[in-house]
Amino acid sequence: MAPIENGKDREFVIDDGRIESLGEYLSPDELYRDLITRVEKYHPSDDISMIERAYKIADEAHNGQVRKSGEPYIVHPLNVAIILADLELDKETIVAGILHDVVEDTIFTKEEIAAEFGDEVALLVDGVTKLQHFTMDGAHVTESTPKDKIEVQAENLRKMFLAMAKDIRVIMIKLADRLHNMRTLFHMPPEKQQRIAQETLDIYSPIADRLGISKIKVELDDLSLKYLHPDVYADLTKQIGVRKVERERYIQGIVNEVSAHIFNAGIEATIDGRVKHFFSIYKKMVNQHKTIDQIYDLFAVRIIVKSVRDCYAALGIIHEIYKPIPGRFKDYIAMPKPNMYQSLHTTLIGSSGQPFEIQIRTYEMHKAAEYGIAAHWKYKENSDGKTPDNQEEEKLAWLRQILEWQRDMSDNKEFMEALKSDLDMFSDSVYCFTPTGEVKNLPAGSNPIDFAYAIHSAVGNRMVGARVNGQLVPIDYVINNGDRIEIITSQNSKGPSRDWLSIVKSGQARNKISQWFKQELKEENITRGKELILDYCKSKGINVSNISKPEYKDAVLRKYGFHDWDSVYAAIGHGGVKEGQIVNKLIELYEADHRKNMTDEEILEAVNENAAKIDHRKSGPKSGIIVKGMDDLSVRFSKCCSPVPGDEIVGFVTRGRGISVHRSDCVNLAALSEHDRGRIIEAEWQHEEENKGKYNAEIMVYAADRKGLLADLSKILTENNISISTLNTRINKQGMATMNVSFEIESREALIRLTEKLRSIPNVVDVERTKG
């Protein structure tokens, strides 16, 4: 299926469900000539010497390197540069695109690039290089996501947004890099395809959307859908492909009919038609719970005119020809989207009864929609990458908000949740007005509290009520499009309620409310944080003076991004960080300073001694479990998921064997029939001081095999006084080792601490608990 797209060739074609890069099979020299042709089309300067030098250096630096496809590696940076040229970016960005892997993968240094191409190019290449190891393995953050993984994800995101703040072109190069990798993703194994596609949909596509670069955003969306939901993608391809000739004839008929009326009215316009992008259709199916047959606007006709006046004149003509569907008109010219997208959208019924959408915009609006923030750097020789004009400032307002969150949020999970909500590709917006007529854009489902904090944090903090369209409403009133909202404030207000945190929809409001509580109660939180640290250490028998050396504290401040130790206490006091998390890190640093060096013979001897000492815990009333308030039941711990204190647990009433205790995420529970689910009952651990025993735990360690790997793993277990019950290892044909280890441990916190240490072993890829 070759879609109609402004009369131009697309970067990829869709045919029978396959997406392939048109430039994939070109030689490096052919790709380079293609790049120069594209640059010369828009750039006013004939001097391409800098791009030519970059190509020669990159070609030489990557000589001998190949991609998964078997092609020379230089093909990738050239394709990245071609994508940047399609955005009509300046030469410095094109050159940085060609060189973006040189520092990372070859012997070239940042200083050598600066000497050859100047500091601007070197800074761009360095910015991209620092993001090369950026990964969001399973970018979804849930209650069950391990804290250490959240820390890594949050740190990666903080690096990305700081790089964007220094020079937004860094992320444009990264987006182009990701787009070409997505185009060639079919060379990767399926599990890697899924991970990269999810990461793209969670992070890169929303960033392209926020920066208004629809040219990249829509392709990333469609490619992500292809690999994340191949069955859905194939089905969409098949259904949209039905009666292909009829559909194209139908679209062209509408284009011809609209063109005739528009031109007869004396309006100059460019008019084309297309089938909507697959992800756009899929998103509507998911959000509206509809099948493809129930989606109104599968087809879209775009009318591009010279002026805003012509936009509204064309709209009047269109509504005379076709019958508009009520509630399906959106004026994004008067009320632009947050990324400053502007257009008129109206859905109509065609003469055959088939619904279709018409979008009307000016040429300037169209260019802004296609290129977004990239339009600011189009062939501007004097750009420094840091001085956007007023319109670009609007697009960067989103980035400023993220940077504000980074500064204010000490809790990484809170930061990740705010970001996840903000970047949600399936979320919708609602538009409303201040009493003076200013438009505010909020997440769908927002209430007057969200609106108040969108005005200013002082308005939200003093809010006592709200009027919508002149009528008093409760503070949890759900805002509708077009509502006129007035916030009632009072100097006597005692500030926001903690209950507001559970009803606001926007990350901005949630962050500002949290900040108020942190600031208002800072001294109290510092005192409480100190007490929690001391109580925790006392309960665990930890000597506070041993772990309180300045160098240990400095390392904790750097890891978690705190300014001083009072900030750590305050974060613990208000619940942003757990005291155990901080203490365990201090213990880890102390133990690294006092690690005992053991010989391999001592390791094996200790392992055998520990194994011989294992005293499996007994079931019964002293199991440390309370089942619905009763502690005199026969309780045993399931072997499938091996719960330990700190895990969320449930009980399962067995037939004649008492209560079986499982972790709440045990896969065997998920597989229960509806009838058997009725036998699940509430269970919880007794107080920590009553759970002094040890409990069986089972983990899987994944690593690239090497000599001494098993000895290193055993060494860490032995140094931490871990009794090994069983240890099984298997190695596949690709040299990847999978080790199944079961042992005894006292709590979930100790288990998390142990897995962090195991992950530090060279060649270890991941460590995870078994779920049954």
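Residues numbered from 1 in each chain as written. Predicted model: local features only at pLDDT ≥ 70, side-chain atom pairs only at ≥ 80, totals over all residues. Heavy atoms only, no water.

**Considering the overall build of the protein chain**
Moving on, step 1. The secondary structure content of the protein chain amounts to 30 helices and 21 strands.
Moving on, step 2. Considering only contacts within the protein chain whose residues lie at least 6 apart along the sequence, 68% involve residues at least 24 apart.
Moving on, step 3. By element, 49% of the accessible surface of the protein chain is carried by carbon and sulfur atoms, the whole surface being about 37,200 Å². (Helix = DSSP H or I, 4+ residues; strand = E, 2+ residues; numbered from the N terminus. Contact = heavy atoms within 4.5 Å. Areas by Shrake-Rupley, 256 points an atom, 1.4 Å probe, with all protein chains shown as cover.)

**Some details on the side chain of Glu88**
Moving on, step 1. With respect to the helices and strands, the residue Glu88 is situated in the loop between helix H3 (75-86) and helix H4 (91-99).
Moving on, step 2. Among the polar contacts made by the side chain of Glu88, one reaches the side chain of Tyr371 at a distance of 3.4 Å. (Polar contact = N/O pair within 3.5 Å; in protein donor to acceptor, adjacent residues only side chain to side chain.)

**Examining the environment of Ser69**
Moving on, step 1. Its location among the elements puts Ser69 in the loop between helix H2 (49-61) and H3.
Moving on, step 2. In this structure Ser69 comes out as partly exposed when scored by relative accessible area, which is 27%.
Moving on, step 3. Ser69 sits 115 residues away from Thr184 along the chain, and the two C-alpha atoms are 8.2 Å apart. (Buried < 20%, exposed > 50% of the residue type's maximum accessible area, 1.4 Å probe, protein only.)

**Observations concerning the packing of aromatic side chains**
Moving on, step 1. Using the criterion set out here, one finds seven aromatic pairs in the structure.
Moving on, step 2. With a centroid separation of 5.2 Å and an interplanar angle of 90°, the aromatic rings of Tyr322 and Phe356 are classed as edge-to-face. Placement of the pair is Tyr322 in the loop between helix H15 (308-321) and strand S5 (323-331) and Phe356 in strand S7 (residues 355-362), with a sequence separation of 34 residues.
Moving on, step 3. What makes Phe356 buried here is its relative accessible area of 0%.
Moving on, step 4. Sitting above the plane of the Tyr227 ring, Lys226 keeps its charged end 5.4 Å from the centroid. (Phe/Tyr/Trp six-rings, centres within 6.5 Å; stacked < 30°, edge-to-face > 60°. Lys NZ or Arg CZ within 6 Å of the ring centre and 35° of its normal.)

**Observations regarding the packing of H2 against H4**
Moving on, step 1. Interhelical geometry of H2 versus H4 gives an angle of 5° and a closest axis separation of 9 Å. With respect to H4, the axis of H2 lies roughly parallel. Residue-level inspection shows Met50, Ile51, Ala54, Tyr55, Ile57 and Ala58 of H2 in contact with H4, the latter providing Lys91, Glu92, Ile94, Val95, Ile98 and Leu99.
Moving on, step 2. A class-by-class count of the residues in the contact of H2 with H4 yields 10 nonpolar, no polar and two charged. (Axes fitted to C-alpha atoms, helices over the stretch in contact; angles between N-to-C directions. Parallel < 35°, antiparallel > 145°, perpendicular 65-115°, else oblique. Nonpolar A, V, L, I, M, F, W, Y, C, P; charged D, E, K, R; others polar.)

**Some remarks on the pairing of strand S8 (residues 429-433)**
Moving on, step 1. When S8 meets strand S9 (residues 439-443), the two strands line up antiparallel, connected through five bridges. Bridge pairing in S9 places Cys432 opposite Lys440.
Moving on, step 2. Here S8 hands over to S9 after five residues, with Gly437 in that stretch at a positive phi of 95°. (Pairing = 2+ DSSP bridges.)

**Some details on the nonpolar core**
Moving on, step 1. Core analysis: the largest hydrophobic core is formed by 103 residues, its most contacted members being Leu35 and Leu99.
Moving on, step 2. In terms of nonpolar packing, the next biggest core, distinct from the first, is built from 32 residues, Ile659, Ala683, Met739 and Val767 among them. (Core = buried A, V, L, I, M, F, W, Y, C linked by side-chain atoms within 4.5 Å.)

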